[in-house]
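Observations on the three-dimensional arrangement
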Amino acid sequence: MSGILAGKRILVTGVVTDSSIAFHVARIAQEEGAEVLLTGFGRLTLIERFASRLPKPAPVIELDVTDQGHLDTLADRIGEHVDSLDGVVHSIAYGPQGAFSFLNGTWDDVSTAVHVSAYSLKSLTTACLPLLERRGGSVVGLTFDATVAWPHYDWMGVAKAALESTSRYLARDLGPRGIRSNLVAAGPLRSMAAKSIPGFSQLADVWETERAPAGWDLADPDPAARAVVALLSDFFPRTTGEVVHVDGGVHMMGA
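Throughout what follows, the structure given in this document is the object of discussion.

Rules and cut-offs
- Residues numbered from 1 in each chain as written.
- Predicted model: local features only at pLDDT ≥ 70, side-chain atom pairs only at ≥ 80, totals over all residues.
- Heavy atoms only, no water.
- Helix = DSSP H or I, 4+ residues; strand = E, 2+ residues; numbered from the N terminus.
- Rg over C-alpha atoms; globule rule 2.2 N^0.38 Å.
- Buried < 20%, exposed > 50% of the residue type's maximum accessible area, 1.4 Å probe, protein only.
- Axes fitted to C-alpha atoms, helices over the stretch in contact; angles between N-to-C directions.
- Parallel < 35°, antiparallel > 145°, perpendicular 65-115°, else oblique.
- Left-handed = near helix turned anticlockwise from the far one by under 90°.
- Contact = heavy atoms within 4.5 Å.
- Nonpolar A, V, L, I, M, F, W, Y, C, P; charged D, E, K, R; others polar.
- 1 Å grid on protein atoms, 1.4 Å probe; cavity = no way out; pocket = protein on both sides within 12 Å on 5 of 7 lines; lining within 4 Å.
- Points joined across faces, edges and corners; volume = space filled by probe spheres on them.
- Polar contact = N/O pair within 3.5 Å; in protein donor to acceptor, adjacent residues only side chain to side chain.
- Phe/Tyr/Trp six-rings, centres within 6.5 Å; stacked < 30°, edge-to-face > 60°.
- Patch = residues over 30% accessible without salt bridge, like charges linked within 9 Å, V, L, I, M, F, W, Y side chains within 5 Å.
- Areas by Shrake-Rupley, 256 points an atom, 1.4 Å probe, with all protein chains shown as cover.
- Salt bridge = Lys/Arg side-chain N within 4 Å of Asp/Glu carboxyl O.

**Examining the overall build of the protein chain**
In terms of helices and strands, the protein chain carries seven helices and seven strands. In the protein chain, the order of α-helices and β-strands from amino to carboxyl end is β-α-β-α-β-α-β-α-β-α-β-α-α-β. Relative to a compact globule of 255 residues, whose C-alpha radius of gyration would be 18 Å, the protein chain shows 17 Å and is just as compact. For the protein chain, the spread of C-alpha atoms along the principal axes amounts to about 50 × 40 × 40 Å. Evaluated residue by residue, the protein chain yields a buried proportion of 54% over its 255 residues.

Set out below in structure tokens:
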């Protein structure tokens, strides 16, 4: 296969359903010539079923990013399939219900959200370093614009701000090793994750008004997925520590 990812080996985390951004990243990456591996948390049989729907079935590696044992063995388990990685996609986020109440959220709620949604970018990347360092590569994560306060997003917004800062520090420390770190700030999508956000419909209303000059489809993960794939490619060789907005332009609109 030829394409902008021809010959590259890409690890994609966060496939929950075949409508998730991560699934479409994996699909487009394969279409662009990459060999793709997935990680799964929890119901591995279900994730393997989704993996079989890709253009080429992909292996699924178990990974709980809060389990140090999983992280310590990740490179070896990936090594059973490929001898190096060219890219890692971080599409992992979670917050307990309490994280969606800013004034009432407890430290347990907040620490869980930050651990899973932000610190995991660092822990996943360092777990993959033995494979990434062999040829250099690109780490790309997914965020939700953390420069403003959104309705109902609350401590998850704080966790996304931490994610964005984490990506910048990774870019600083890993740039000399030939590894870039960037994020894609996607607009909201009606997904499995969205169902856990109280008041998601009010958040989505921002995009369904005329505030997205380029338009936005709450059911279409393709634009965000294509941006991730582009950042995984060699077309951005000196872009790192960046947040690329794929939100129809909402982020730059005034009130």
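Having seen the model, we can carry on.
**Focus: unusual backbone geometry**
In this structure, H152 is a non-glycine residue whose phi angle is positive, near 70°. Within the secondary structure, H152 sits in the loop between β5 (137-143) and α5 (154-174). Of note, the phi angle at D154 is positive, near 50°, even though the residue is not glycine. Locating D154 in the fold gives a position in helix α5. D154 gets classed as partly exposed once you look at its relative accessible area, which sits at 24%.

**Details of the packing of helix α1 (residues 21-31) against helix α7 (residues 222-232)**
Running from N to C, α1 and α7 point in directions that differ by 55°, and their axes come no closer than 8 Å. By the angle between their directions, the pair α1 and α7 is classed as oblique. Note that α1 runs across α7; the crossing there is right-handed. Of α7, the residues touching α1 (which contributes I21, H24, V25, R27, I28 and A29) are D222, A224, A225, R226, V228 and V229. Considered class by class, the residues forming the contact of α1 with α7 number eight nonpolar, one polar and three charged.

**Here we look at the layout of surface pockets**
Size it by volume and the second largest pocket reaches roughly 160 Å³. Lining the second largest pocket are 12 residues, and of these Q30, A34, E35, V36 and K56 lie nearest its centre. Of the residues assigned to the lining of the second largest pocket, the class counts are eight nonpolar, two polar and two charged.

**Section: the packing of helix α3 (residues 68-78) against helix α4 (residues 107-132)**
It is the contact of α3 with α4, at a shortest axis distance of 8 Å, that shows an interaxial angle of 40°. The orientation of α3 relative to α4 falls into the category oblique. Here the hand of the crossing between α3 and α4 comes out right-handed. Here L71, L74, A75 and I78 of α3 lie close against α4, whose contacting residues are S123, L124, A127, C128, P130 and L131. Here the residues of the contact of α3 with α4 sort into nine nonpolar, one polar and no charged.

**Points about the environment of D83**
Within the secondary structure, D83 is located in the loop between α3 and β4 (87-90). Linking D83 and L131, residues 48 residues apart in sequence, is a C-alpha distance of 6.9 Å. Look past the residues within four positions of D83 in its chain and what remains in contact with it is R9, L131 and R134. Side chain to side chain, D83 and S84 meet in a polar contact 3.5 Å long.

**So, the side chain of S233**
Among the secondary structure elements, S233 is positioned in the loop between α7 and β7 (243-246). A polar contact of 2.6 Å, which involves the side chain of S233, links it to the backbone oxygen of A230. Dropping the residues within four chain positions of it, S233 is found in contact with I4, L5 and R180.

**Side note on the packing of aromatic side chains**
The description of an aromatic ring pair uses the distance of the two centres, along with the angle that the planes make with each other. Under the definition given, this model contains four aromatic pairs. Measuring from ring centre to ring centre gives 6.5 Å for F100 and Y153, while their planes differ by 55°; the resulting arrangement is tilted. Taken together, the positions of F100 in the loop between β4 and α4 and Y153 in the loop between β5 and α5 put the pair 53 residues apart, joining distant regions of the chain. With a relative accessible area of 9%, F100 lands in the buried category. In this structure Y153 comes out as buried when scored by relative accessible area, which is 7%. Put simply, the rings of F100, F144, W150 and Y153 touch in pairs and so form one group of aromatic residues.

**Points about a nonpolar patch on the surface**
Side chains of I4, F235 and F236 sit close together on the surface and give an oily, nonpolar patch of about 290 Å² of accessible area. Residue position: F235 is located in the loop between α7 and β7.

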